[in-house]
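The primary structure of each chain is shown beneath.
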Amino acid sequence: MYSREKPRGTLLLAATGQKNICLTDVVEWLIDSGSAVNETNNEGLTPLMLAAENKHYDAMHILLKAKADVNSVARGRNPNQTALSLLLTHWYPFWNDQRMASVLLIYGENANYVKSDVIHRIIAIGNGKFLQQLIASGFMAV
């Protein structure tokens, strides 16, 4: 279906939204130049969410230091997604994913939007410390 709405996006969204490459130096330069770190694209995703979805850990650190909103919730085609929920969507969250998720929780992200089945995967991996951190941050497995 044709839409007359222009695609919404900034250079920062483009730099964090690449699947195979993250332009970390560009992300840092754009933020230093005044780019809005909480701008959203047409799907309601912020640069932090895109960096999380694409596993760009260095860019996530830069965005967090620039005060990116860790509790921003996507609206649109895939509603109720956060940087944390996007990071933990894989069947087996790798250690780097868990470590970055832990950083998001330290920065104050609420775990309300993390899918409940993630608890089984975290238990199977044996990362009790991370599981405790998730629960302390509002994670409710139902």
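Analysis parameters
- Residues numbered from 1 in each chain as written.
- Predicted model: local features only at pLDDT ≥ 70, side-chain atom pairs only at ≥ 80, totals over all residues.
- Heavy atoms only, no water.
- Helix = DSSP H or I, 4+ residues; strand = E, 2+ residues; numbered from the N terminus.
- Rg over C-alpha atoms; globule rule 2.2 N^0.38 Å.
- Buried < 20%, exposed > 50% of the residue type's maximum accessible area, 1.4 Å probe, protein only.
- Axes fitted to C-alpha atoms, helices over the stretch in contact; angles between N-to-C directions.
- Left-handed = near helix turned anticlockwise from the far one by under 90°.
- Contact = heavy atoms within 4.5 Å.
- Salt bridge = Lys/Arg side-chain N within 4 Å of Asp/Glu carboxyl O.
- UniProt positions renumbered as here; feature names shortened; annotations may be inferred.
- pLDDT = per-residue confidence, 0-100.

A.B. asks: Account for the overall build of the chain, naming residues and giving values.
C.D. replies: Regarding its fold elements, the chain presents eight helices and zero strands. Its helices and strands in sequence order give the chain the pattern α-α-α-α-α-α-α-α, from N to C terminus. Compactness check: the chain gives a C-alpha radius of gyration of 15 Å against a globular reference of 14 Å for 142 residues, within 12% of the reference. Along the first, second and third principal axes, the C-alpha set of the chain runs to 45 × 35 × 25 Å. For the chain, the proportion of its 142 residues judged to be buried stands at 45%.

A.B. asks: Quick one: what's the story with the packing of helix α6 (residues 95-106) against helix α8 (residues 128-136), residue by residue and with numbers?
C.D. replies: At a minimum axis distance of 10 Å, the contact between α6 and α8 shows a crossing angle of 35°. Crossing of α6 over α8 shows left-handed handedness. Facing α6, whose interface residues are Gln98, Ala101, Ser102, Leu105 and Ile106, α8 presents Phe130, Gln133 and Leu134.

A.B. asks: So, unusual backbone geometry: which residues are in play, and what are the values?
C.D. replies: A positive phi angle, close to 60°, is found at Lys55, a residue other than glycine. Relative to the assigned elements, Lys55 resides in the loop between α3 (47-53) and α4 (57-65). Taking relative accessible area as the criterion, Lys55 reaches 21% and is therefore assigned partly exposed. We note that Asn80 has phi near 60°; this positive angle belongs to a residue other than glycine. Checked against the element boundaries, Asn80 lands in the loop between α4 and α5 (83-87).

A.B. asks: Report on the pattern of salt bridges, specifying residues and quantitative values.
C.D. replies: Evaluation of the coordinates by the stated rule reveals two salt bridges. Lys55 is paired through a salt bridge with Asp97; the nearest N and O atoms lie 3.7 Å apart. With Lys55 in the loop between α3 and α4 and Asp97 in helix α6, the pair connects residues that are 42 residues apart, well separated along the chain. Look at Asp97 and you get buried, because its relative accessible area is 1%. Across the salt bridge formed by Arg121 and Asp117, the nearest N and O atoms sit 3.0 Å from each other. By relative accessible area, Arg121 is classed as buried at 6%. For Asp117, a relative accessible area of 33% corresponds to the partly exposed category.

A.B. asks: Mind laying out the UniProt feature "repeat: ANK" (unreviewed entry) in the chain, listing which residues take part and the relevant values?
C.D. replies: Here, the residues flagged by UniProt with the feature "repeat: ANK" (unreviewed entry) are residues 43-75. Within residues 43-75, the helical portion is 48% and the strand portion 0%, while the C-alpha atoms at the span's ends are 6 Å from each other.

A.B. asks: A description of the confidence of the model for the chain should follow, citing residues and the corresponding values.
C.D. replies: For the chain, the average pLDDT comes to 86, and 91% of its residues sit at 70 or higher. Within the chain, the lowest mean pLDDT, 82, falls on helix α7 (residues 118-125), and the highest, 95, falls on α4. Within the model, pLDDT remains below 50 along residues 1-7, and this stretch shows three contacts once partners closer than five positions in the same chain are excluded.

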